[in-house]
Amino acid sequence: MADRFEELKTYIAVVEAGGFAAASKRLALAKSAISRRIRDLEIRLGAPLLNRSTRQIHLTDTGLKFYEQAKRILTELNEAENAVGGRHNDLQGRLRIAAPVSLTVHCLSRVVGQFIEANPNLALEFDADDKMVDIIRDGFDLAIRISKLRDSSLVARRITTIRHVCCASPSLLDRYGRPNRVEDLAALPGIRYSNVEESYYWRFAGGHTPMVKSRLCFSNGDAVREAAIAGLGIAMLPTFIAHEAIRKGELEVVLREHMRPPIGMYAVFPSSQNMPAKMRAFIDFLLANFSDEPFWDRDILTNER
């Protein structure tokens, strides 16, 4: 029978890899050995940890709690070994991060070079996807999320403020006229981001939601911006996507006095207890680089046409 630490490593690998076959490749062990270790672990604990199907696994409630504890135990062991070896200030290993596509392209990729240069033995792996991932099931250390967070067992650390602007190309506004009221948007064609409910996408301060006819819809914020620059409609964009086009005069902000309340950008992770040093260091790095006045907001919110 494998020793207990090997069982913990195997169980964590199965959960984070999403199955026995993937864990087998990650650990370079036969699938049968992986299965036997998990079976022995469940017998010893006297409780099922995983529900198995032909294609995937799902954690039981007990399995989720055990995963979090097992992860904490192995993290503490690794940090203890590093401290004894004189490597407590040397971050090592890999950090898997899920983040929205446009935020990764326009913001994160511009600054992470400083972090990896300061930590040459640590690798960062970004999974850029606008869809919400399951951090534990999909094996991420943390996720960057822009939203009003729902209650969950996850822990969230607020990083910065995200603001949205209603904007369009000057040529489109010359053709349709510049709106003075939120209701005036009903006369303009709209471009929508499909990963947000339409009623929320067009929401302004005070809960005002104009009846905009969204004739174009994209699942990517950069595509929304490019269509707006091309004069195909008016759009509601986060400033980290729109800021360069606004500075260049390719997009013009309208209805500034009606801007919707800002929302937060968060680092979300399974537990704040005994947080790995590499994750704490990365979150601190984000806080240092993205304050409440991030680089993408400077000047553009006050510039007039």
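Look a little higher up for the structure.
The following refers to the structure shown. Worth saying up front: this structure is predicted, and the values here are computed from it rather than measured. (Residues numbered from 1 in each chain as written. Predicted model: local features only at pLDDT ≥ 70, side-chain atom pairs only at ≥ 80, totals over all residues. Heavy atoms only, no water.)

Description of the side chain of His106
For step 1, the next point in the chain: When you line up the elements, His106 lands in helix α5 (residues 101-118).
For step 2, the next point in the chain: On the accessibility criterion, His106 (10% relative accessible area) is buried. (Helix = DSSP H or I, 4+ residues; strand = E, 2+ residues; numbered from the N terminus. Buried < 20%, exposed > 50% of the residue type's maximum accessible area, 1.4 Å probe, protein only.)

Examining helix α8 (residues 221-229)
For step 1, the next point in the chain: Of the residues making up α8, those classed as buried are Gly221, Asp222, Val224, Arg225, Ala227 and Ala228.
For step 2, the next point in the chain: By the N-cap criterion, in which a side-chain oxygen at the helix start approaches the backbone nitrogen of a residue two or three places on, α8 is capped by Asn220, the distance to Asp222 being 2.9 Å. (Polar contact = N/O pair within 3.5 Å; in protein donor to acceptor, adjacent residues only side chain to side chain.)

Section: the environment of Ala186
For step 1, the next point in the chain: Among the secondary structure elements, Ala186 is positioned in the loop between α6 (170-176) and β8 (189-193).
For step 2, the next point in the chain: Once the C-alpha coordinates of Ala186 and Thr209 are considered, the two residues, 23 residues apart in sequence, prove to be 10.0 Å apart.

Side note on the packing of helix α1 (residues 4-17) against helix α3 (residues 31-45)
For step 1, the next point in the chain: Running from N to C, α1 and α3 cross one another at 110°; their axes reach a closest spacing of 9 Å. Viewed along their axes, α1 and α3 adopt a mutual orientation that is roughly perpendicular. As for how α1 packs across α3, the hand of that crossing is left-handed. Note on element contacts: α3 touches α1 through Ile34, Arg37, Ile38, Asp40, Leu41 and Arg44, opposite Arg4, Glu6, Glu7, Thr10, Tyr11 and Val14. (Axes fitted to C-alpha atoms, helices over the stretch in contact; angles between N-to-C directions. Parallel < 35°, antiparallel > 145°, perpendicular 65-115°, else oblique. Left-handed = near helix turned anticlockwise from the far one by under 90°. Contact = heavy atoms within 4.5 Å.)

A few points about the nonpolar core
For step 1, the next point in the chain: By size, the foremost hydrophobic cluster in this structure holds 60 residues, and its most contacted members are Leu142, Ile144, Phe282 and Phe290.
For step 2, the next point in the chain: Ranked by the residues each element gives to this core, the list is headed by α5, at 6 residues.
For step 3, the next point in the chain: Dropping the residues within four chain positions of it, Phe290 is found in contact with Cys107, Leu108, Val111, Ile159, Thr160, Met265, Phe295 and Trp296.
For step 4, the next point in the chain: With 19 residues, the next largest nonpolar core counts Ile34, Leu49, Tyr67 and Leu74 among its residues. (Core = buried A, V, L, I, M, F, W, Y, C linked by side-chain atoms within 4.5 Å.)

Quick word on the pattern of salt bridges
For step 1, the next point in the chain: Taken as a whole, this structure holds 16 salt bridges when the rule is applied.
For step 2, the next point in the chain: For Arg94, the salt bridge identified is with Glu125, shortest N-O distance 2.8 Å. Linking Arg94 in strand β3 (residues 93-99) with Glu125 in strand β4 (residues 122-128), this pair joins segments that are 31 residues apart in sequence.
For step 3, the next point in the chain: A relative accessible area of 37% places Arg94 in the partly exposed class.
For step 4, the next point in the chain: Using a relative accessible area of 31% as the deciding quantity, one classes Glu125 as partly exposed.
For step 5, the next point in the chain: Across the salt bridge formed by Arg163 and Asp297, the nearest N and O atoms sit 2.9 Å from each other. Residue Arg163 is found in the loop between β6 (155-162) and β7 (164-168), and its partner Asp297 is found in the segment after α10 (277-289); the two are separated by 134 residues along the sequence.
For step 6, the next point in the chain: Judged by its relative accessible area of 6%, Asp297 falls in the buried class.
For step 7, the next point in the chain: Here the residues in one salt-bridge network are Glu6, Lys9 and Arg37, joined through shared partners. (Salt bridge = Lys/Arg side-chain N within 4 Å of Asp/Glu carboxyl O.)

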